[in-house]
Every structure is written in structure tokens, then in C-alpha cells.
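Residue-level structure breakdown
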Amino acid sequence: MEAASEYARVFPSCSAHHQVKQRTAEVELAVRAVPTVDADRIRFLRNAGNIGLAANILRCFEVAQAPWVWTLGDDDPPVAGAVAAILHEIAGAGEKTMLLKFNSTNGGQVDKHHEIHDLPELSQWCLDLKFYSNLLFISSGVFRKEAVLSRLNVGYHWGYSVSPHIAILLHGVAAGYGVKLVPLDLVRHGLDESAQHWKV
């Protein structure tokens, strides 16, 4: 119910597609029970079977109707002002920006606005990361939908791994897209409270 309240707070200004596993219909009931939720702005989508974590996330890009997609993990509540920050960065994004990569509260990886446009620089940035939890894709990243859709086959090829988003991102950067690093917290990662960071 706490997560439902967080989403109700975040989504008054945008629409949401809630991709849920077949066995978690109770999530829909919990969200719809929150009085401040506008049910017409949220769609719940279920796959016919369990297609796995990675493919489940990739499906979000297939059904999204907006030009940018923010995939929120169910244990990563957004910070206050998250939607406004995203909209501000989208407004200033170049046509070839594929990913807006924000910080999260489990450790700032970005200390200034910067855009990455080539694979060697992206590779070095990844090597310098202190925490790999939710790297790039879930919760702290906002993707340009068209850049992902045009290479979804690359993602599904890696769909049974935990890295289809990395394959998509590398393919996009190799094709001339960029990653815009944004020094703002976007979510409060649940891993913070249990100190179960993936450390390298």
C-alpha cells in the first residue's frame, strides 16, 4: 500500500502502464484502492505467462504510448519532484539522446550534467561505477522509446539474461545515440535500507 501511495503522488501529471506478473493481481487492487489514484490514467497489463524479468521490462516499451519511458521498480519509490525533473531534462534533450541517466539515493554516480556519445567513454563510465544495482535501466533511467523500439530484437536476443538493456544501449550508442548523465536523485532505492548493495 505504501508503494501505491507513492505512485498516486507521482502520477497526477502523467499516465502509467503497470506491468504486473500474472500472479500479482493484488497490486492492481491495492493501487486502485488509493483514493487519490485516477483509475483512467493507469492501465494494468498482464502477460499470458511468466516471460521473465527482462522480457517483462522490454514489453513496457512495446505498449508505452509516450515518447519517453521510465520503468519504475516496485521497491524504488520516487523522490519528491521526480516527474518535474524528468520533464525538465526531456525538454533539453537532443534528438540523439537515447537515455537520461539520473542518480539514485544508493550513491551518486553522476556529479555534473554530461553527455556520452561513444562506446569507449560509456565503457569507462560503467567501469567507474561503485554500485551496479539497477544499472542504467530500472528506476534511475528514462529512455527515448523510439531508440529502444528500433532495436528491441537485440534486447529480446538477451532476454534470458539480466542485461538486455545493456545490449540495447550499446547498440544505440554505436549507432550514434547518446547518454545524458543528470546529477539529480530520482528514486530512493530499497536496497539502501538493507545495505544489500551490489558492490564491485
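Residues numbered from 1 in each chain as written. Predicted model: local features only at pLDDT ≥ 70, side-chain atom pairs only at ≥ 80, totals over all residues. Heavy atoms only, no water.

1. Quick look at the nonpolar core
We apply this condition: As used in this record, nonpolar core signifies buried Ala, Val, Leu, Ile, Met, Phe, Trp, Tyr and Cys residues forming a set joined through side-chain atoms within 4.5 Å. The classification of residues rests on relative accessible area computed with a 1.4 Å probe and restricted to protein chains. Under 20% of the type maximum is buried, over 50% is exposed, and intermediate values are partly exposed. Strands are runs of DSSP state E lasting at least 2 residues, helices are runs of H or I lasting at least 4, and numbering of each runs from the N terminus.
If you look at the biggest cluster of nonpolar residues, it comprises 21 residues, and the most contacted ones within it are Met98, Leu122, Trp125, Phe143, Val148, Leu169 and Val179. Counting only elements with at least two residues in this core, the list comes to α3 (53-63), β4 (97-103), α5 (119-127), α6 (145-149), α8 (164-174) and β7 (178-185). In terms of nonpolar packing, the next biggest core, distinct from the first, is built from 14 residues, Val83, Leu100, Val142 and Val182 among them.

2. Concerning the pairing of β7
Selection rule: A pair of strands is considered paired only if DSSP assigns at least 2 bridges between the two.
Here β4 runs beside β7; their pairing, made up of five bridges, is parallel. Each residue of the ladder has a partner; that of threonine 97, found in β7, is glycine 178. In the sheet, strand β5 (residues 114-116) pairs with β7 via three bridges, with the strands oriented antiparallel. Within β7, the position partnered with isoleucine 116 by the bridge is valine 179.

3. Observations concerning α8
Restricting attention to buried positions, one finds in α8 the residues Pro164, His165, Ala167, Ile168, Leu169, Gly172 and Val173. At the C-terminal side of α8, glycine 176 shows a positive phi close to 105°.

4. Describing the confidence of the model for the chain
Interpreting fine coordinate detail is not advised for predicted regions of low pLDDT. The following threshold applies: The pLDDT value expresses, per residue, how confident the predictor is, ranging between 0 and 100. Whether two residues touch is decided by their heavy atoms; if any such pair falls within 4.5 Å, the residues are in contact.
Residue-level pLDDT values for the chain average 76, and 73% of them are 70 or greater. Of all helices and strands in the chain, the one with the weakest mean pLDDT is helix α9 (residues 191-194) (48), whereas helix α4 (residues 82-91) scores best (93). Within the model, the stretch residues 1-5 combines pLDDT values under 50 with eight contacts to residues more than four positions away or in other chains. Segment residues 192-200 is flagged for pLDDT under 50; beyond a separation of four residues in sequence, or across chains, it makes 15 contacts in the model.

5. Regarding the packing of aromatic side chains
Going by this rule: Put simply, two rings from Phe, Tyr or Trp (the six-membered ring, in Trp's case) pair if the centres are within 6.5 Å, and we call them stacked under 30 degrees between planes, edge-to-face over 60, tilted for the rest. Only Lys NZ and Arg CZ are tested; either one counts as a charge over a ring when it is within 6 Å of the ring centre and within 35 degrees of the ring normal.
In total, this model carries one aromatic pair according to the counting rule given. Consider the rings of phenylalanine 61 and phenylalanine 143, whose centres lie 6.0 Å apart with planes at 90°: the pair is edge-to-face. A residue pair is termed long-range when its members are at least 10 positions apart, and phenylalanine 61 in helix α3 and phenylalanine 143 in strand β6 (residues 141-144) qualify at 82 residues. Among the residues examined, phenylalanine 143 registers a relative accessible area of 1% and is labelled buried. When the ring centre of tyrosine 177 is taken as reference, the NZ or CZ atom of lysine 96 above it lies at 4.1 Å.

6. Points about the side chain of serine 140
What counts, and what does not: Polar contact is defined as a pair of N or O atoms within 3.5 Å, subject to the rule that within protein one atom must be able to donate a hydrogen and the other to accept it, and that residues adjacent in sequence are counted only when both atoms are side-chain atoms.
Tracing the backbone shows serine 140 in the loop between α5 and β6. Residue class for serine 140 comes out buried when judged on its relative accessible area of 2%. Of the polar contacts made by the side chain of serine 140, one reaches the side chain of lysine 101; its length is 3.3 Å.

7. Here we look at the side chain of arginine 144
This is how the line gets drawn: Asp and Glu are treated as the negative residues and Lys and Arg as the positive ones, with His and the ends of the chain left uncounted. Between Lys or Arg on one side and Asp or Glu on the other, a salt bridge is scored when a side-chain nitrogen of the former is within 4 Å of a carboxyl oxygen of the latter.
When you line up the elements, arginine 144 lands in strand β6. For the buried arginine 144, no salt bridge is present, and the opposite-charge side chain at shortest range is glutamate 146, 5.0 Å distant. Beyond its immediate stretch of four places on either side in the chain, arginine 144 contacts Pro67, Trp68, Ala93, Gly94, Glu95, Lys96, Thr97, Met98 and Tyr177.

8. A few points about the pattern of salt bridges
If you walk through the whole model with that rule in mind, you get two salt bridges. Of the charged contacts in the structure, one is a salt bridge between glutamate 62 and arginine 59, with a shortest N-O distance of 3.5 Å. Here arginine 59 and glutamate 62 lie together in helix α3, a separation of three residues that amounts to about one turn. For glutamate 62, a relative accessible area of 39% puts it in the partly exposed group. The partner of glutamate 89 in a salt bridge is lysine 180, and the shortest N-O contact between them spans 2.9 Å. In this pair, glutamate 89 is assigned in helix α4 and lysine 180 in strand β7, connecting sequence segments 91 residues apart. For the pair glutamate 89 and lysine 180, a shared accessibility class is recorded, and that class is buried.

9. A word on the pairing of β4
Of all the seven residues making up β4, seven are buried; the element is thus mostly covered by neighbouring parts of the structure. As defined by bridge partners, β4 adjoins β6 across three bridges and the pair is classed as antiparallel. From the neighbouring strand, leucine 100 faces β6, where its bridge partner is valine 142.

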